[in-house]
Structures are given as structure tokens and as C-alpha cells.
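# Survey of secondary and tertiary structure
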Amino acid sequence: MAPKASFAQYAARPQAGVSATVAELRSVSKSFGDVLAAQDLNLGIARGEFLSFLGPSGCGKTTALRMLAGFEAPSSGEVLIDGQVVNALEPFRRPVNMVFQSYALFPHLTVADNIGYGLRQRRPRLPRQEIAEKVGRALEIVRLSGFDRRRIWEMSGGQQQRVALARAIVNEPKLLLLDEPLAALDRKLRKEMQIELQDLQRQLGITFVLVTHDQEEALSLSDRICVMRAGRIVQVGSPQELYDHPNSRYVADFVGTSNFFEGRVDAVEGGRARLVTASGLTLAGRASAGLAAGTTGCLSIRPEQIRMTRAPEPESQAVTVHNRIFLGEHTEYLVRHETLGNINVLTPRQAEQADRGFETGETAHLAWSDAAALVLKND
Amino acid sequence: MTRQERNWLLVAPAGAWFLVMLVLPLSVVLVFSFGERGPAGGYVPAFTLEQYANLPARLTAFKNTLILAPLGTLAALLIAYPLAYQLAVRTDPKWKTILLVLVIVPFWTSILIRSYAWIFILGGRGLPALLEAIGIEGVRLIYTPLAVTIGIVYGYLPLMVFPIYVALDRLDKRLLEASSDLGARPFRTFLQVTLPLSIPGVATGCLLVFILLMGEFLIPALLGGGKVFFVGNALVDLFLQSRNWAFGSAVAFTLIVIMLVTVTIYMRLIARLRLGRDDAQIM
Amino acid sequence: MEDNGHISKRKFMEELRRYQKGSVTRRHFLGVTGLGTATAVLGAAVPGLRPRPAFAQDIGDRVVLATWPNYHDTANFDAFTDATGAFVQVNVFGSNEEMLAKLQAGGSGWDVFVPTNYTITTYVGEDLIEPLDVSKLPNYDPAAFDPRFADAGTVDGTLYAVPKNWGTTGFAVNTAHDGGTPLATWKDFFDRTKTDFSGRTMVHDYQLTTIGNALKYFGYSFNSVDPAELADAEKLLIEVKPHLFAISSDYQPAMRSGDAWLTMCWTGDGKQMNSDMPEIAYVLGREGGEIWSDYYAIPKGAPHREAAYALINHMLDPAVNAREVLAHGYPVADANTNALLPAEILNDPILYPAQELLDALEFGAAATLTDPNRAELLARFKSA
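### Structural notes on unusual backbone geometry
- Of the consecutive residues Arg-123 of chain A and Pro-124 of chain A, the connecting peptide bond is found in the cis state with omega at 0°.
- Position of Pro-124 of chain A among the secondary structure elements: in the loop between helix 4 (117-120) and helix 5 (128-141).
- A positive phi angle, near 45°, is found at Glu-172 of chain A, a position not held by glycine.
- Tracing the chain through its elements places Glu-172 of chain A in the loop between helix 6 (157-169) and strand 7 (175-179).
- Residue Asp-127 of chain C is not a glycine yet carries a positive backbone phi of 60°.
- Considering the arrangement of structural elements, one finds Asp-127 of chain C in the loop between helix 4 (120-125) and strand 5 (154-155).
- On the basis of relative accessibility, which here comes to 48%, the residue Asp-127 of chain C falls in the partly exposed class.

As C-alpha cells, this is what we get:
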């Protein structure tokens, strides 16, 4: 994972005369009939950052995006773009462009006419020449030069994706909104496009707001991720912050994978906590914010933080190897603990070589440092 | 059974339909058109081009039809499009079905009965009486070209509404959002996205209405007071009144040929319009 | 019921009343629309479901009649069925041309039909009509019939048809709009159309009467096929056309609503409109015009020939015929029937016009109806 500039860095260096915040949601709620799609959203979007809304379908992330685009008006609260409240501003008046999930390219227009569509709506009219130049440059940026006369249906999925991108960026929007833009692509193409998106964002300096349900995509692309659940924002932070310091089991589960052991929180002291499982096992880890003794909670430990040895170590847990998947760099084990149940373990290749690996049915011992484990309250 | 035999068997029903419903009747019309009228009317076998030589006697009817059919189609289109648009784009889905059924309901009654209803609506005791009550006097509606146009638009409206409705209903609404997102005001979105993408529905509706209008006789006869004479009326007179089947067949066959030619040209134009937009924007 | 064109008796009666109310005229009845072959069933019950008493003579269970709308009293058919066991199936037609077409096509299945005078020679020429055996028609009393309305039934000395009803073709005028100057002639009809009745006049969508009455304007024969005379008539019609309200045989609605003030008109329609709106007068043009007579006849190959004779004989019974007249309002030529009719009908000037007016009228001729030049003239007039 490439190190990312954090939000704090942007906030620290505001450009002269330009606010660091390009858009903002202030206590925004949206209901459709009886359904509350978004509740009390508060979020600032920094100029030039790559922000992702992450969550499962129906969590409200698309609603948030559509309120930024202007397709939905908030039921309460305020949406601001460049410091202006834009609640009632129609989409065609907003300096914002969107890349739609299914691209929504105009089937009756050529590639070039699709890309030039936004420029042709400008009043006063832009000179023909200027439109052609801008479209040509946009085609170059998305590496589709020479495709300008093509019809949309003659283009592959990945090419259509790039046309959709070009159609949006050619307008140089203040915010580029991307609604699951890669969901329709196959895995390999998706990887490629992720890199292209990232390059594009750096090259253009446009603020990108991405909506995705794919945590990997969010982690690899974003400066900041806004995790949503049931219409609410759960946690906002850089990918690393979310990975290392999830504020809830939900985030720990959604961002990366983790093992969870349930129990009663026995003691919380000095940023550390102790958890007792139903079978009486005592486990220790860092205490997450707001954790209180006497409540039920769980201990979260990432698979790669677990060491697996043949000989027992102090406070190690004996398990039986149930399944082994060779992944090249890593080997993934599914092991079974008598009371903790199934546990995922990820061991690097190096350790494998030293140990020659574990066979199915073999007994192994698991150990992790308390600092790597996190005790979370139950959601 | 060989593959070839199977293929023949598969096209047989369509082929039979084509033969019985299209080729046979057309052949009868064609053969009759080279015949002669019997002394008491009807058809006497012969081979003569006399009937075709006599076609100029119905020139006015052909002229009237070739003016009425496109104009009636256009009038129906101008009324049907906003209606179809309202139904497909603006109407709450739960009302759509009910409103669509309301569009079809008139079809459950014979066009004859419905045209008679218009005779009374447009007659002196109908709309003109209402207009007189609010001070507009001397309006004559029944048995005018306007009455025929009203009747045609009324009668053919559903045929025009449905294909356009389907085209607009299938239109991906995200395209409209995309257009708006790219800065187009609603009217420009309509001109640049909605309208061009509904062209297939418009084309189908116009074709249906145009073809039927070419043979129309009932509405001009009932609402036009017989003063405006179309090929359809000429045919009714030739077959049912003067019983000149040979001449009637020649007129009918000529109408079919004109129709085929016009429809072919029309289809070509539509195909070109849909494919040839590389350079020319609709705006 | 085996014929799928049937409508129920009740429905048929409703239709009949509609004609009587005058919303649709007889000849217009969809003849112009091509939907003319409406068929109907009259009869008290479906044969076979009804117990059949023994009859003096078994003539079969049905008889098929091809006739015009609004032209019978159904009670007379019921009485026939009660007396003979044969029910009367009625097919209704819009024009003589259609009737001829159906018979020419063959397999009509009719037993009795009702041709108009000028078509009978055509039927004889085409060998479509059966000579009548008078011995099977004891109610037919040739002496009682005015020969003027009976002659057309005999062709070359053979009796093919017996008279049913007769009538005239004149014009109906709304006298509220004649400015105190009544119209009396076809000259008035066309001249006034160009002046104070402009935009208010209707002529038939029927060459026989429209051309025939235009010919009368010049004093020519109603039946003329002379090219020079037809050219005069054509000139007149085309001159008048811009002043016409409509060319339609369906003139009652427009006359009743006040849209039209003057129209060519058949006896029955004239009587119906005059009864409801006394200001609408029925006028026979003094120059002449058309008189017509309908007949009963049996087509060649009638499937129920005995029943056909029985039905015609039944309808010729003066008591039955008188009930017919009371129901449909068309005059008969039979003195025996007239003897049973009330005075107000016999003295009605619309049904029984003055003799000198009748004398000027002409029967339509077969050649007039089938003349191709007259058909073309009407087409030119309509498309002008």
C-alpha cells in the first residue's frame, strides 16, 4: 500500500485566497417517503483530494453523491460547494460532473460528440475550434486518440469507461463524482483502471469523490475514506487510520479482513483492555475509543498479525490446521480453535520457507502481540 | 429429415401466412385490374391496360390522399408526442397503467360509432352551440377539412401514442441526468437526448398511421360530408356503388404501389437520419 | 345459431327504432361505409329448442329474408312462425348493388329478397331470379294493385316479383329559413342553394338521385344517359358544390340539428322528420323526379322454396300488409290493404302525394343505375 498524503496535510497548506474545503455536507439528511436514506451527514471535502464513500448497497453513499451532483435535494441540512449553499441549485448549474455507474453515454452520438457534450452547453458558446481542441486533449488523456468518430456501441467496456471519464473531466469540474465507475469491469481491467484513475487525479488536480462497495478499491485509491452504514457516516479517515484504528467492529470488518473473538470486557485501563470469552479465555489488546468495562465486546486481530508456530509459546493458542491456500507471496490458513472457532492466518513466504509450512490436520500454535489486537465494543 | 427439410418446415407457417394473407389477395387484385367491367357490373376476364389508362379520372382522389396522409400523420404526431411524453416520463408509475388503458379504451368501440359521436359533437348543437353561448358565433365545424383532421387525429392517436410511449419509457433516465449533469437545461436535454432517442418510436408510429391513412375512407365520408374525396372513398364507390371491379382493382393496385414506394423512401430516410449524425448534431 | 353474423332480436329491434328515430337513413346504412351486410335474426325462438306442433303442411323450420332496415313489423313474422313453424331469419342490406353482388357471388342462402323495380331486369338477365308460381300465392290479387307499381315485376310476360311498398324521392326543406318564399321545383332547389340556402344544402351520395334530380333542373329525363344532357347536369353540380353543406345520404341528423336546411330526401325520411319537426316540409319537385317500388322475389336456388312462397303469401294478406304500413310508414299499391288503413294515412300528402305530382315522376331504369358514365360523373363531382 502506497503511503498517502493525509487530509491533515491538505488542511495545513491552504492556497492563498482559496478555501481548502471545496464542498461540504452540513447535518444533511435525506428521506424518500418513510425511508431514511441519509441521516445527519457531516463531511468536508478538501480541494484536490481523492475521497471515497465506502459501504454496502443501501448504506446511503450513492444518495450522498447524488446530493452533491444535484439530482436529489436534501430533506434537511445544507450542501455547500465553494462555500455556497447549493441545496436548490439544479444539476446543470453546478460546477460538478459525474461518471455514472453504467456510464450513461449517449448512444446516438459519437465518442467525440459525447465528450464535447458538456462544452457545447456552455453559454456564451465556446468556439468550435476550442471545443475540438479540448476534446482532443481529453481523448489523449484517456488514451483514446483516434477513436473520436467511433460509435459508443463499437467500444469495449473499458473504452466506454474512459469515454465517460473524458466526458466529465473535459469540463474541468470542481468536483468529479464517480458512482461505482469500475463495477462493470472484469478484475484485471479494474486493476488497470484503478491505476489510471489515480494517475489522472494527480495529473489534473481535480477533487475526486468516489462511491464504491469494494474496500480494496477504496483503500488503494483514496486519500480519505468515509465509511457509511445505514445512512450514517461511521468513520472518516485515511486508509491506514481506518485499517489500524477502526472505531467499530463494522469498520474493522469492512476495511480489510479480521478475526473477531466475542466476550465480556473485563477491564479497561491506560488504553488497554482485557476481554474474557464465554469459555473463560482471557485475551488482551488495545482499547478502542469509548470502550467501557462490563459491556460485551470483541477482540479483533488481523490475519497477518498472527504468528503460527509448531511449538507452544507463552499465551499461545493451540489450533488444528483445517485448510491451507497457497497464494504465492503468502499462505492463507484456516485453523480451528476449540472454543474461539475458525481463525484466518496469513503467513508470509519467508516464514513458510523456514518452517516448510503446516499440513492439514497438523496441530499449530497461534500467538500475537497485544499491541496488534484491538478490543472493540459491539455495534 | 435432413437439415434442409427441417429448415423448410420451420419457414412453412410464415410462408403459408404470407401466401394466403398477402400474395393471393394481391394477385387477385392485380389480375382483376387487367380485366373489364361486366354489363351489370363486376368483373369480366380480359387483358387490357384500359383501366390503368383511365387512372387520371381519379387524379384528384390520389392528390387529396397524398396531401391528407402526411398532414394527418403530422397532426397526430404533434398531439401524440406530448401525451406519450407525459405518460412515459412525467407520470407516477402507479398511474401509468390506468392512463394507458384509458388511451386504449376508445378502441373497444367501433370507429363508426365513435365517428358518429363526433358528428354530434361538431354538429350545430354541439361545440358551435357552446361557442355561441360564450359569444363566438358562426363557427362551422362539421363537414369541414378541420372536422376530418380532428376525426383522424382522434381515431389514430393510440396508434401514434403507443410506439412513442414505448420508446420514451425504454429511454434510460440516467441519460437525462447525464445531460443535466453536463450543463444542459431541460429543454436542451429534450432536444439533444430525448427527441433523437425517441425517433424509432416516432418513425414506427408515423408509419402505422400513414399507411392506414392512405386507405382511409370512413372518417372523410362521415366527418367530411363527402365533399372531400380520397382514394379510399373512390374505392368504396367503385366496388359498392358502380361495381366497376376492374377499374377499382387498378386504383387499388396503384395505391399499393404508391404506398410501397413512399414507405421505402421513408424507411431509407429514417435509417439515414439515425446513422448519419456523425457530423450533424440534431441541434 | 349457425350463422355467425346474427345479432339478437332485442338488439335488432333497438337498431330498428334507431332508424325510426332517424339517426341513420336507410340507404346510407353503412352502404357508404362498406359495412352494409349487417345480419339479424328475427323469430320467437331458436328452432329445435321449441316444441313443434303439427302443421297442416310442413315447409321446414326456417325461411331466410334479405331486406332493408326499418321495413317490417316483427309481429307479422312471429305470427308466421306460429302458423307454420318456420322462423324468419332476416338479413339487412344497405343498397341494391350489395344485394346484387351477394347473389352474383352465389351461395347467398336466401329464400326471399326485396329488390327495387329497376334491378329486376338485371336479375332476370343474370338468371338469378325464380319465376313465380301464382298458384302458390292465393293472397296475390293482381287486380287490386295499381299497375304502375306492379309492372316491373313482370319481365317478358313472366311474373318474377310481387309489389311490396313504394315511395318517392323529393326534397325536405326547413321552411323556417325560406324567407317566406316556398321552394317547389328542382330549379328552386339548385338556384336557392346558390343564394339563401348556401352552405345549408345536402345532396345524396348516390348517382341515381343526385344526377337524376340535376337533370330535372333542365327538364331532362331523370334517367338520361345522353352525354350532352349529362354534361349540363355535371356543370350544374360542380357549380353548386361550393354551396353544399355535405354530399351524404345520411341527412336526418344535420336537418334535425339545424345545420342543414335543405336536402334531397326519400318518402320515409321526409315523413319521419315532418312528424317530429313540422317546419320541415317534404316537397316533390314539380318537374318530376324519382318514384320507386320494392318487390318480393325468390332467388334461383332458394334452399326453402316452399317456405318462401308461404312467407310472401303471408305478407300479401291485406291485414298483415296493413300492419306493415302502420309500422314503417311506406305506402302500398294494394287497394285491399288501403281499404284497411286509417284515413289520416291515406290522406297524408307525404305518403300519398297529389296525382299530378306523381304523374311527373319516373321510375329509375336499370340502365341508369349501371351506367358507367353516370358513375364517373359522380366521382368527378365528389372529387371536384
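### Considerations on the packing of helix 5 (residues 186-194) of chain C against helix 6 (residues 207-217) of chain C
Residues and elements named next belong to chain C.
- Interaxial distance between helix 5 and helix 6 falls to 8 Å at its minimum, and their mutual angle equals 100°. Judged by the angle between their axes, helix 5 and helix 6 are roughly perpendicular. Contact residues: helix 5 offers Trp-186, Lys-187, Phe-190 and Asp-191, while helix 6 offers Asn-213, Ala-214, Lys-216 and Tyr-217.
- For the contact of helix 5 with helix 6, the per-class residue count stands at four nonpolar, one polar and three charged.

### Considering a nonpolar patch on the surface
All names here are of chain B.
- Side chains of Trp-95, Ile-98, Leu-99, Val-101, Leu-102, Ile-104, Val-105, Phe-107 and Trp-108 sit close together on the surface and give an oily, nonpolar patch of about 850 Å² of accessible area.
- Residue placement: Leu-102 occurs in helix 4 (residues 93-104).
- Residue Leu-102 is classed as exposed on the basis of its relative accessible area, which comes to 52%.

### Considering the interface of chain B and chain C
- Taken together, the 32 residues of chain B in the interface contact 40 residues of chain C.
- Summed over both sides, the interface of chain B with chain C buries roughly 3,000 Å², with 55% coming from carbon and sulfur.
- Counting the contacts that link chain B with chain C gives two salt bridges.
- Taking the shortest distance from any N to any O, the salt bridge between Arg-58 of chain B and Glu-376 of chain C comes out at 2.7 Å.
- Residue assignment for the side of chain B that touches chain C shows that the elements contributing at least two residues are helix 5 (111-122), helix 10 (218-223) and helix 11 (231-241) of chain B.

### Side note on the packing of aromatic side chains
- Using the criterion set out here, one finds 33 aromatic pairs over all chains in the structure.
- Note on Phe-34 of chain B and Phe-47 of chain B: the rings are 5.1 Å apart at their centroids and 25° apart in plane angle, and the pair reads as stacked. Of this pair, Phe-34 of chain B sits in the loop between helix 1 (3-33) and helix 2 (50-53) while Phe-47 of chain B sits in the loop between helix 1 and helix 2, and the two are 13 residues apart along the sequence.
- The interplanar angle of 75° and the centroid separation of 6.0 Å between the aromatic rings of Phe-149 of chain C and Phe-363 of chain C together place this pair among those described as edge-to-face. A residue pair is termed long-range when its members are at least 10 positions apart, and Phe-149 of chain C in the loop between helix 4 and strand 5 and Phe-363 of chain C in strand 13 (residues 361-363) qualify at 214 residues.
- The exposure class assigned to Phe-149 of chain C is buried, which follows from its relative accessible area of 4%.
- Grouped by ring-pair contacts, the aromatic residues Phe-171, Trp-186, Phe-189, Phe-190, Tyr-217, Phe-218 and Tyr-220 of chain C constitute a single cluster.
- Above the ring of Phe-106 of chain A, the side-chain terminus of Arg-167 of chain A is found at 4.9 Å from the ring centroid.
- The side chain of Arg-302 of chain A reaches across the aromatic face of Tyr-243 of chain A, ending 3.9 Å from its centre.

### A look at the nonpolar core
- With 143 residues, the main nonpolar core has Phe-113, Val-162 and Leu-311 of chain C as its most contacted residues.
- Among the elements that line this core, the one with the most residues is helix 3 (residues 59-90) of chain B, at 13 residues.
- Inspection of this core shows a minimum of three residues originating in each of domain 1 (9-166 + 292-346) and domain 2 (167-291 + 353-383) of chain C.
- Excluding residues within four positions of it along the chain, Leu-311 of chain C makes contact with Val-63, Leu-65, Phe-77, Phe-80, Val-88 and Val-112 of chain C.

### Side note on the domain arrangement of chain A
- Segmentation of chain A into domains returns domain 1 (7-244) and domain 2 (257-303 + 316-377).
- Spacing between the C-alpha centres of domain 1 of chain A and domain 2 of chain A amounts to 38 Å.

### Focus on the sheet that holds strand 16 (residues 317-326) of chain A
Residue and element names in this part refer to chain A.
- Spatially, the five strands line up as an open sheet ordered 15-19-16-17-18, and their pairing is antiparallel. In this open sheet, the two strands that pair with only one neighbour each are strand 15 (307-309) and strand 18 (341-348). Within this sheet the neighbouring strands show an average axis-to-axis angle of 45°, counted without direction.
- Here strand 16 pairs with strand 17 (residues 330-337) via seven bridges, running antiparallel. Note that in strand 17 the partner of Arg-324 across the bridge is Tyr-333.

### Topic: the interface of chain B and chain A
- At the junction of the two partners, chain B supplies 23 residues and chain A supplies 28 residues.
- Buried area between chain B and chain A, summed over both chains or domains, comes out near 2,400 Å², and the portion from carbon and sulfur atoms is 49%.
- Run the count over chain B and chain A and you get one salt bridge.
- Among the salt bridges present, the one from Glu-177 of chain B reaches Arg-66 of chain A, with a minimum N-O distance of 2.5 Å.
- Linking chain B to chain A there are nine residue pairs in polar contact (both at pLDDT 80 or more).
- Counting only elements with at least two residues in the side of chain B that touches chain A, the list comes to helix 8 (173-181) and helix 9 (186-214) of chain B.

### Quick notes on the pairing of strand 19 (residues 363-367) of chain A
Residue and element names in this part refer to chain A.
- Within strand 19, four of the five residues are buried, which leaves the element mostly enclosed by the surrounding structure.
- In this structure, strand 15 lies alongside strand 19, joined through three bridges in antiparallel fashion. The residue bridging Met-308 from the neighbouring strand is Leu-366, located in strand 19.

### Examining helix 7 (residues 187-204) of chain A
Residues and elements named next belong to chain A.
- With 18 residues, helix 7 ought to run about 26 Å at 1.5 Å a step, and its terminal C-alpha atoms sit 25 Å apart, in line with that.
- Those residues of helix 7 that fall on the buried side of the exposure criterion are Met-193, Gln-194, Glu-196, Leu-197, Gln-198, Leu-200 and Gln-201.
- Check the buried side of helix 7 and you find it contacts strand 3 (50-54), helix 5, helix 6, strand 7, strand 8 (207-212) and helix 8 (215-221).

### Describing the sheet that holds strand 2 (residues 35-46) of chain A
Residue and element names in this part refer to chain A.
- Ordered in space as 2-1-4-5, the four strands form an open sheet in which the pairing is antiparallel. What marks the edges here is a single partner per strand, and that holds for strand 2 and strand 5 (84-85).
- Bridging between strand 1 (residues 21-32) and strand 4 (residues 76-81) involves five bridges; their strand directions are antiparallel. For Ala-23, the partnering residue across the bridge sits in strand 4 and is Ile-81.

Rules behind the numbers
- Residues numbered from 1 in each chain as written.
- Chains lettered and ligands numbered in written order.
- Predicted model: local features only at pLDDT ≥ 70, side-chain atom pairs only at ≥ 80, totals over all residues.
- Heavy atoms only, no water.
- Helix = DSSP H or I, 4+ residues; strand = E, 2+ residues; numbered from the N terminus.
- Buried < 20%, exposed > 50% of the residue type's maximum accessible area, 1.4 Å probe, protein only.
- Axes fitted to C-alpha atoms, helices over the stretch in contact; angles between N-to-C directions.
- Parallel < 35°, antiparallel > 145°, perpendicular 65-115°, else oblique.
- Contact = heavy atoms within 4.5 Å.
- Nonpolar A, V, L, I, M, F, W, Y, C, P; charged D, E, K, R; others polar.
- Patch = residues over 30% accessible without salt bridge, like charges linked within 9 Å, V, L, I, M, F, W, Y side chains within 5 Å.
- Areas by Shrake-Rupley, 256 points an atom, 1.4 Å probe, with all protein chains shown as cover.
- Salt bridge = Lys/Arg side-chain N within 4 Å of Asp/Glu carboxyl O.
- Buried area = accessible area lost by both parts, 1.4 Å probe.
- Phe/Tyr/Trp six-rings, centres within 6.5 Å; stacked < 30°, edge-to-face > 60°.
- Lys NZ or Arg CZ within 6 Å of the ring centre and 35° of its normal.
- Core = buried A, V, L, I, M, F, W, Y, C linked by side-chain atoms within 4.5 Å.
- Domains from an automatic or database assignment.
- Pairing = 2+ DSSP bridges.
- Polar contact = N/O pair within 3.5 Å; in protein donor to acceptor, adjacent residues only side chain to side chain.
- Expected span 1.5 Å × (residues − 1).

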